[in-house]
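# What the coordinates show
One-letter residues, chain by chain:
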Amino acid sequence: NAGVIQTPRHKVTGKGQEATLWCEPISGHSAVFWYRQTIVQGLEFLTYFRNQAPIDDSGMPKERFSAQMPNQSHSTLKIQSTQPQDSAVYLCASSLDKGLGAFNYAEQFFGPGTRLTVL
Amino acid sequence: GDSVTQTEGLVTVTEGLPVKLNCTYQTTYLTIAFFWYVQYLNEAPQVLLKSSTDNKRTEHQGFHATLHKSSSSFHLQKSSAQLSDSALYYCALSESPGYQNFYFGKGTSLTVIP
């Protein structure tokens, strides 16, 4: 079973350009999460889908960031008019509805991330 | 709201010596679970330990942690650090079994030196 797949692994954009990041969750997982990772802020929650429906986007910078999940096999994070401060590693994670066995808390499984560099 | 606080920044320990990474939390939920994630260089974060039982020690790969609800803590410890333990460590809180989102601490970068 393949893990969470993220493409591209690296992306370089010029200031003001658009960047689209892709995530393929683990098959059968109902939830998809997007995080931004920087040295200063650590893991910052951006947004979360459950069964393709947006549940919580409280971490998304409202003006230039958007996320979609058009089907159960992929989600996209789009950043319009990228700025140097958007440079970070963007991580996608997926999880089941609940844990398996006695431990009934769902674990999040992370992809390798997309390193975005805005020049 | 809920929050998780970790030993922030960089922790350096000499190989063979014990290491402890602190994690404390604030929550109004009674049934909670905690995860320690480890992220090696250029890899994805992965679960190292997890627990939802108060005062029960959980162990994996030589690391151990005990959830103490009385002190709101889930510290990560190892008796003898190895060079291969150098990585970024995150503590994460899950509020309830049916709620999938986590609260993550800011992460602790552990470096083990010879």
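Up top is the structure.
Right, let's walk through the structure included here. As the structure is a computational prediction, the values presented were derived from the model and not from experiment.

### Focus: the environment of Leu-93 of chain B
Residues and elements named next belong to chain B. Secondary-structure assignment places Leu-93 in strand 10 (residues 87-94). Since its relative accessible area comes to 0%, Leu-93 is described here as buried. For the pair Leu-93 and Asp-2, spaced 91 residues apart in sequence, the C-alpha separation works out to 8.6 Å. If sequence neighbours within four positions are ignored, Leu-93 has contacts with Asp-2, Val-4, Gln-26, Thr-27, Ile-32, Ala-33, Phe-34, Asn-101, Phe-102 and Tyr-103.

### Observations regarding the sheet that holds strand 3 (residues 19-21) of chain B
Residue and element names in this part refer to chain B. On the basis of which strands lie adjacent, the open sheet formed by four strands has the order 3-9-8-7 and antiparallel pairing. The sheet is open, and its two edges are formed by strand 3 and strand 7 (57-60), each paired on a single side. Each neighbouring strand pair of the sheet contributes to a mean axis angle of 20°, computed without reference to strand direction. Of the strand pairs in this sheet, strand 3 and strand 9 (residues 76-78) are connected by three bridges, and their pairing is antiparallel. When the sheet's bridge partners are listed, Leu-21 is paired in strand 9 with Leu-76.

### Thoughts on the pattern of salt bridges
Pairing is possible between side chains that carry opposite charge, provided their charged atoms lie close to one another. Applying the stated rule across the entire model yields six salt bridges over all chains. A salt bridge links Lys-62 of chain A to Asp-57 of chain A; the nearest nitrogen and oxygen atoms lie 3.8 Å apart. Taking the relative accessible area as the measure of exposure, Lys-62 of chain A reaches 57% and is therefore exposed. The salt bridge partner of Lys-50 of chain B is Glu-107 of chain A, with a shortest N-O separation of 3.3 Å. You can see Lys-50 of chain B sitting in strand 6 (residues 46-51) and its partner Glu-107 of chain A sitting in the loop between strand 9 (88-95) and strand 10 (109-110), one on each of two chains. The partly exposed category is assigned to Lys-50 of chain B, whose relative accessible area is 34%. Taking the relative accessible area as the measure of exposure, Glu-107 of chain A reaches 18% and is therefore buried.

### Focus: the sheet that holds strand 3 (residues 19-24) of chain A
Residue and element names in this part refer to chain A. Here four strands make up an open sheet; going across it, the order is 1-3-8-7 and the pairing antiparallel. On the outer flanks of this sheet lie strand 1 (5-7) and strand 7 (65-71), each paired with one strand and no other. The mean inter-strand angle of the sheet, taken between neighbouring strand axes irrespective of direction, is 20°. For strand 1 and strand 3, the ladder comprises three bridges, and the chain directions are antiparallel. Its bridge partner being in strand 3, Ile-5 is matched across the sheet by Glu-24.

### Examining the packing of aromatic side chains
Under the defined criterion, the tally for this structure stands at 17 aromatic pairs over all chains. Aromatic ring contacts, followed pair by pair, group Phe-33, Tyr-35, Phe-45, Tyr-48 and Phe-110 of chain A together with Phe-35, Tyr-37, Tyr-90, Phe-102 and Phe-104 of chain B into a single cluster.

### Description of the nonpolar core
For soluble globular proteins, nonpolar side chains are generally found buried alongside one another. Of all hydrophobic cores here, the largest spans 25 residues; its most connected members are Phe-34, Trp-36, Leu-48, Leu-76 and Tyr-89 of chain B. Of all the secondary-structure elements, those providing two or more residues to this core are strand 2 (9-14), strand 3, strand 4 (23-26), strand 5 (33-39), strand 6, strand 8 (63-66), strand 10 and strand 12 (108-113) of chain B.

### Things to note about the state of the cysteines
Residues and elements named next belong to chain B. Applying the stated criterion to the full structure yields two disulfides over all chains. Note on cysteine connectivity: Cys-23 is disulfide-linked to Cys-91, with sulfurs 1.9 Å apart. One disulfide, between Cys-23 and Cys-91, carries an S-S torsion of -70° and so falls in the left-handed class. Pair noted here: Cys-23 is in strand 4 and Cys-91 is in strand 10, with a separation of 68 residues, a long-range link. Each member of the pair, Cys-23 as well as Cys-91, is classed as buried.

### What to know about the environment of Glu-44 of chain A
Residues and elements named next belong to chain A. Within the secondary structure, Glu-44 sits in strand 5 (residues 42-50). Using a relative accessible area of 24% as the deciding quantity, one classes Glu-44 as partly exposed. Measuring from C-alpha to C-alpha, the distance between Glu-44 and Asp-56 comes to 13 Å, with twelve residues separating the pair along the chain. Apart from the residues lying within four places of it in its own chain, the contact partners of Glu-44 are Trp-34, Tyr-35 and Arg-36.

Quick notes on the rules
Residues numbered from 1 in each chain as written. Chains lettered and ligands numbered in written order. Predicted model: local features only at pLDDT ≥ 70, side-chain atom pairs only at ≥ 80, totals over all residues. Heavy atoms only, no water. Helix = DSSP H or I, 4+ residues; strand = E, 2+ residues; numbered from the N terminus. Buried < 20%, exposed > 50% of the residue type's maximum accessible area, 1.4 Å probe, protein only. Contact = heavy atoms within 4.5 Å. Pairing = 2+ DSSP bridges. Axes fitted to C-alpha atoms, helices over the stretch in contact; angles between N-to-C directions. Salt bridge = Lys/Arg side-chain N within 4 Å of Asp/Glu carboxyl O. Phe/Tyr/Trp six-rings, centres within 6.5 Å; stacked < 30°, edge-to-face > 60°. Core = buried A, V, L, I, M, F, W, Y, C linked by side-chain atoms within 4.5 Å. Disulfide = S-S within 2.5 Å.

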